[in-house]
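Residues per chain, in single letters:
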There are 2 protein chains.
Amino acid sequence: MPKKERKRLQVVISDEQDALLTRTAYELSSPERLISKSEVVRLAIEKIARELGEGAHMDEYRAILESDDISDES
Amino acid sequence: MPKKERKRLQVVISDEQDALLTRTAYELSSPERLISKSEVVRLAIEKIARELGEGAHMDEYRAILESDDISDES
């Protein structure tokens, strides 16, 4: 990632989400290229923005957001 | 999110990714329910793990990971 124009993002996640990140990083890694959890987060941000930009999955996303493990409010 | 079993995740993101997060949070928000950027990140982590769990989009994800804005290595 280019050195300029960076921001530090802090997010509290559950142990289970941390495990999902680790597993996803492993699944995307190969013997030639290890993928970090930070790379997975940046990829996930780009991916969800693209899908919403296409108007896809809005209702599905809103439903997932209501789960305890994602909402700020529980 | 339940109080127990939390981890603090720190990720460096680009200004553009920060703007994508803000826009996505806005698009998922409604007059009844404001969505935070943290909620979007947790949703995005769950979503990408689900898709990969189904074996979907692996090649697409690997290609996106090579872009400067996501890779750790540039």
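Within each chain, residue numbers correspond to sequence positions counted from 1 in written order. Chain letters start at A and ligand numbers start at 1, both assigned in the order the entries are written. The model is predicted, so local features are restricted to residues of pLDDT at least 70 and side-chain atom pairs to those at 80 or more, both for listing and for counting; the totals for chains, interfaces and linings are taken over all residues. Water and hydrogen atoms play no part in the side-chain values, which are based on all heavy atoms of the structure.

Attention shifts here to the overall build of chain A. Secondary structure is summarised from DSSP: a helix means a run of H or I of at least four residues, a strand means a run of E of at least two, and numbering begins at the N terminus for each. The number of helices and strands found in chain A is 3 helices and 1 strand. Along chain A, helices (α) and strands (β) appear in the sequence β-α-α-α when read from the amino end. In summary, chain A has a C-alpha radius of gyration of 14 Å against a globular reference of 11 Å for 74 residues, an excess of more than 25%. With the C-alpha coordinates aligned to their principal axes, the bounding extent of chain A is approximately 35 × 30 × 25 Å. When a residue's accessible area, from a 1.4 Å probe over protein chains only, is under 20% of the maximum for its type it is buried; when over 50% it is exposed; and in between it is partly exposed. Taken across its 74 residues, chain A has 46% of its residues classed as buried. Long-range contacts, defined as pairs at least 24 residues apart, comprise 20% of the intrachain contacts of chain A with a sequence gap of at least 6. When the accessible surface of chain A is totalled, it reaches about 3,900 Å², and 50% of it is carbon and sulfur. When charges are tallied, Lys and Arg are placed among the positive residues and Asp and Glu among the negative ones, while His and the ends of the chain are skipped. The atoms used to mark charge sites are NZ of Lys, CZ of Arg, CG of Asp and CD of Glu. Mean positive and mean negative side-chain charge positions of chain A (12 and 17 charges, respectively) differ by 12 Å. Using C-alpha atoms as the atom set, the radius of gyration is obtained and then compared with a globule rule of 2.2 Å times the number of residues to the power 0.38. The criterion used for residue contact is that any of the two residues' heavy atoms lie within 4.5 Å. Working definition of accessibility: Shrake-Rupley area with a 1.4 Å probe, residue cover restricted to the visible protein chains.

Right, let's talk about helix H3 (residues 58-65) of chain A for a bit. Those residues of H3 of chain A that sit buried are Tyr61, Ile64 and Leu65 of chain A. One face of H3 of chain A carries all of its buried residues, which in axial projection span an arc of 100°. Residues of H3 of chain A that are exposed and point more than 90 degrees away from the buried face comprise Asp59 and Ala63 of chain A. At its buried positions, H3 of chain A is contacted by helix H2 (37-53) of chain A together with helix H1 (15-28) and helix H2 (37-53) of chain B. In this description, one arc is meant: the one made by directions from the helix axis to the C-beta atoms.

Looking now at the packing of H2 of chain A against helix H3 (residues 58-65) of chain B. The N-to-C vectors of H2 of chain A and H3 of chain B enclose an angle of 110°; their axes lie 10 Å apart at closest approach. Comparing their axes, H3 of chain B and H2 of chain A come out roughly perpendicular. The handedness of the crossing between H2 of chain A and H3 of chain B comes out as right-handed. Side by side, H2 of chain A and H3 of chain B meet where Glu39, Leu43, Lys47 and Arg50 of chain A of the first sit next to Glu60, Tyr61, Ile64 and Leu65 of chain B of the second. Gly is placed with the polar residues, together with every amino acid not listed as nonpolar (Ala, Val, Leu, Ile, Met, Phe, Trp, Tyr, Cys and Pro) or charged (Asp, Glu, Lys and Arg). Considering only residue class, the contact of H2 of chain A with H3 of chain B consists of 4 nonpolar, no polar and 4 charged. Only C-alpha atoms enter the line fits that serve as axes; for helices the fit covers just the stretch in contact. Angles between N-to-C directions range over 0 to 180 degrees. When an angle is under 35 degrees it counts as roughly parallel; over 145 it counts as roughly antiparallel; between 65 and 115 it counts as roughly perpendicular; any other value is oblique. Left-handed describes a crossing whose near helix is turned anticlockwise from the far helix through less than a right angle; right-handed describes the clockwise counterpart.

The next subject is the side chain of lysine 47 of chain B. For lysine 47 of chain B, the position within the fold is in helix H2. When its relative accessible area of 8% is taken as the criterion, lysine 47 of chain B is described as buried. Among the polar contacts listed, one links the side chain of lysine 47 of chain B to the side chain of glutamate 51 of chain B, at a separation of 3.0 Å. Apart from residues no more than four positions distant in its own chain, lysine 47 of chain B is found in contact with Glu51, His57, Glu60, Tyr61 and Ile64 of chain A. Any pair of nitrogen or oxygen atoms within 3.5 Å is treated as a polar contact; in protein, a donor-acceptor pairing is required on top of that, and neighbouring residues in sequence qualify only through side-chain atoms on both sides.

Looking now at the interface of chain A and chain B. Opposite the 56 residues of chain A that make contact, chain B presents 56 residues. Between chain A and chain B, roughly 6,200 Å² of surface is buried when both sides are summed, and carbon and sulfur atoms account for 58% of that area. Take a side-chain nitrogen of Lys or Arg and a carboxyl oxygen of Asp or Glu: if they are within 4 Å of each other, that pair is a salt bridge. If you look at where chain A meets chain B, you find 8 salt bridges. With its nearest N and O atoms 3.1 Å apart, the salt bridge here joins arginine 33 of chain B to glutamate 66 of chain A. Applying the counting rule to chain A against chain B returns 29 residue pairs in polar contact (both at pLDDT 80 or more). Of all the secondary-structure elements, those providing two or more residues to the side of chain A that touches chain B are strand S1 (6-14), helix H1 (15-28), H2 and H3 of chain A. Once two parts are joined, some of their accessible surface, as seen by a 1.4 Å probe, is lost; buried area is that loss totalled over both.

As a further point, take the relation of the copies chain A and chain B. Here two copies of a chain appear, and what relates them is a rotation about an axis with a shift along it. To superpose the copies, least squares is applied to the C-alpha atoms of every residue with a pLDDT of at least 70 in both. Rotating chain A by 180° and moving it 0.0 Å along the rotation axis overlays it on chain B with an RMSD of 0.0 Å. On this basis, the relationship between the two copies can be described by a two-fold rotation axis.

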